Amino acid sequence: MRHRFSKIPVRYVVYVAVALGALTVAYSYAYAKNDTSSIAKINTCFPLSKEEERTCLEAIVRPLLAIMTAGELMEELQQSLDHLQCHRTGHVIGSELRQRHGSLFPALDQCTAACTSGCIHGVVYQDLIHTFGDYNIDTVNMDFVKSEGVQACNLGIHACHGVGHLLYRLYKSYIPALEYCKTFATEGQRDMCQNGVFMESYPAVKSGELSAVTLESLQEPDELLYPCHGLPSEFFAPCYRLVYLNQWAIFDMLGLDDYTTRANKTFEACLSLSPGEERQYCLIGAGQQIARTSKLSDPTSYCRNLDLVEDRRKCNFGFAMASVNYGRVENAWNYCEAIAHNEKHACYYGIFSGTLVPDSNLEPSQACSGTHDATCLEALEIYDTVHRTQYLGGA
């Protein structure tokens, strides 16, 4: 006997199946975005130790990647997490992609530049770990590391940054890792390699280097400037520009949830340094951090209210660069146009420097079109002849 539904055309069955499948995917995606046990729960990972944090993030990220693309997930995280937390989660997402795809470039194709390219950094770092293994400095062939480092840096700044992560993991010490970057990276690439060294070492508070820190001890700025103030001056730039990563990890650990207090302490630490190179690099990093933090009512006031012109210039540079990195190009442009004329140059230069991050949606050669501001054109000329040449090999 034939079933009573046997006369339904096959094409209708197919249509229904496709529709149900689409509804299932849409429901799964909506559920993932709203499920308090998934994306929202990522916040619970950050007070943990470094290894526990990674394990916690992996447990949350893996099922989400089964129902969302890496790009969709990173965009969600960028809207809901602090920048540093989003970047660190991006590392885990990138590592997971590299393991799933089994090679570098298919994994990179899944990443976006959200949260200062956290996913890209994670893919590159995992690829290096796959190449070298989790070796001790006493067993790894450092000549091989050097040759791979040259190739990685020639791929671009993010790959060069990943080598810095690996070097700190191998040496477990700042000076030898920073020095080794100099053996294979060009002058323009070296900064990104050394940035990777510091980013891998942070947060020092989770590795035991600053285990005794308390809210009371933060009244003294030394612990918020660790380890930069004890390093040779040649490493001030990469260290101070990223020291806020360590600071905000300390704030996470101590449960300091007020973001105005966090920003105030970051700036107080920088201003405790004497005027000069250390302080200026520190203020570049502070400017970057406030641009990436969506929980401040008036982030631009921090740079504007600095007393010294040179301090404001460095802070403006960091603020503009990070704004572009984070996709807030119009905000950066409006900010630079509104400040004093003698501070515009560094601000514009920050905008152009921010375009070194992929997907920043700003083409420097067109940025000054329609304006007669000579300062913008001067900054663009320097960017084209110096900064871009160093990082992109003359592109």
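Residues numbered from 1 in each chain as written. Predicted model: local features only at pLDDT ≥ 70, side-chain atom pairs only at ≥ 80, totals over all residues. Heavy atoms only, no water.

*Asks:* What is the right way to look at the overall build of the chain in this model?
*Replies:* Check the secondary structure of the chain and you find 19 helices and zero strands. Partitioning the contacts of the chain with sequence separation of at least 6, the portion at a separation of at least 24 is 68%. A total accessible area of about 17900 Å² is found for the chain, and carbon and sulfur atoms account for 53% of it. (Helix = DSSP H or I, 4+ residues; strand = E, 2+ residues; numbered from the N terminus. Contact = heavy atoms within 4.5 Å. Areas by Shrake-Rupley, 256 points an atom, 1.4 Å probe, with all protein chains shown as cover.)

*Asks:* Just to check I follow, could you spell out the state of the cysteines for this structure?
*Replies:* Applying the stated rule across the entire model yields nine disulfides. Paired through a disulfide, C45 and C56 show a sulfur-sulfur distance of 2.0 Å. Looking down the S-S bond of the C45 and C56 bridge, the torsion is -65 degrees, so its handedness is left-handed. Within this pair, whereas C45 is found in the loop between helix 1 (10-34) and helix 2 (50-65), its partner C56 is found in helix 2, the two being separated by 11 residues in sequence. On the accessibility criterion, C45 (0% relative accessible area) is buried. In this model, C153 is linked to C160 through a disulfide, with the two sulfur atoms separated by 2.0 Å. (Disulfide = S-S within 2.5 Å. Buried < 20%, exposed > 50% of the residue type's maximum accessible area, 1.4 Å probe, protein only.)

*Asks:* Sorry if this is basic, but what is going on with the environment of S38 here?
*Replies:* Residue position: S38 is located in the loop between helix 1 and helix 2. Separated by 26 residues in sequence, S38 and L64 have C-alpha atoms that sit 7.5 Å apart.

*Asks:* Got a minute to help me understand the packing of helix 16 (residues 329-338) against helix 17 (residues 341-354) in this structure?
*Replies:* Helix-helix packing is described using two parameters, namely the angle between the two axes and the distance between the axes. The N-to-C vectors of helix 16 and helix 17 enclose an angle of 170 degrees; their axes lie 9 Å apart at closest approach. On the basis of their axis angle, the class for helix 16 and helix 17 is roughly antiparallel. Along its contact with helix 16, which presents A332, W333, Y335, C336, E337 and A338, the element helix 17 presents K344, C347, Y348 and I351. Of the residues that constitute the contact of helix 16 with helix 17, the class distribution is eight nonpolar, no polar and two charged. (Axes fitted to C-alpha atoms, helices over the stretch in contact; angles between N-to-C directions. Parallel < 35°, antiparallel > 145°, perpendicular 65-115°, else oblique. Nonpolar A, V, L, I, M, F, W, Y, C, P; charged D, E, K, R; others polar.)

*Asks:* Would you mind showing me how to read the environment of V309 here?
*Replies:* Positionally, V309 belongs in helix 15 (residues 309-325). In this structure V309 touches N342 and E343, once residues within four positions along its chain are discounted.

*Asks:* How should the packing of aromatic side chains be read in this particular structure?
*Replies:* Each aromatic ring pair is characterised by the separation of its centres together with the angle its planes make. All chains considered together, the criterion is met by 11 aromatic pairs. Members of the aromatic cluster, connected to one another through ring pairs, are Y168, Y174 and F198. Sitting above the plane of the Y259 ring, R262 keeps its charged end 4.7 Å from the centroid. (Phe/Tyr/Trp six-rings, centres within 6.5 Å; stacked < 30°, edge-to-face > 60°. Lys NZ or Arg CZ within 6 Å of the ring centre and 35° of its normal.)

*Asks:* Looking at this model, I keep getting lost on the side chain of S95. Mind explaining?
*Replies:* For S95, the position within the fold is in helix 4 (residues 83-101). On the basis of relative accessibility, which here comes to 1%, the residue S95 falls in the buried class. Polar contacts involving the side chain of S95 include one to the main-chain carbonyl oxygen of G122, which spans 3.4 Å. Sequence-distant contacts of S95, defined by excluding residues within four places in its chain, comprise R54, G122, V123 and Q126. (Polar contact = N/O pair within 3.5 Å; in protein donor to acceptor, adjacent residues only side chain to side chain.)

*Asks:* Just to check I follow, could you spell out the packing of helix 7 (residues 142-155) against helix 8 (residues 157-171) for this structure?
*Replies:* Their axes nearest at 7 Å, the elements helix 7 and helix 8 cross at an angle of 155 degrees. On the basis of their axis angle, the class for helix 7 and helix 8 is roughly antiparallel. Contacts from M142, V145, G149, A152, C153 and L155 of helix 7 reach helix 8 at A159, C160, V163, L167, L170 and Y171.

*Asks:* Is there a simple way to think about the pattern of salt bridges in this case?
*Replies:* It is possible for side chains bearing opposite charge to pair when their charged atoms get close. With the rule as written, the count across this model stands at 13 salt bridges. The partner of E96 in a salt bridge is R62, with the nearest N and O atoms 2.9 Å apart. Residue E96 is found in helix 4, and its partner R62 is found in helix 2; the two are separated by 34 residues along the sequence. The salt bridge partner of R313 is E310, with a shortest N-O separation of 3.1 Å. In this pair, R313 and E310 are both assigned in helix 15, three residues apart and thus about one turn of the helix distant. Note on R313: relative accessible area 26%, which makes it partly exposed. The exposure class of E310 is partly exposed, given its relative accessible area of 30%. Through salt bridges with shared partners, one network takes in R54, E58, R62, E96 and R100. (Salt bridge = Lys/Arg side-chain N within 4 Å of Asp/Glu carboxyl O.)

No statement about biological role is implied by the geometric values presented.
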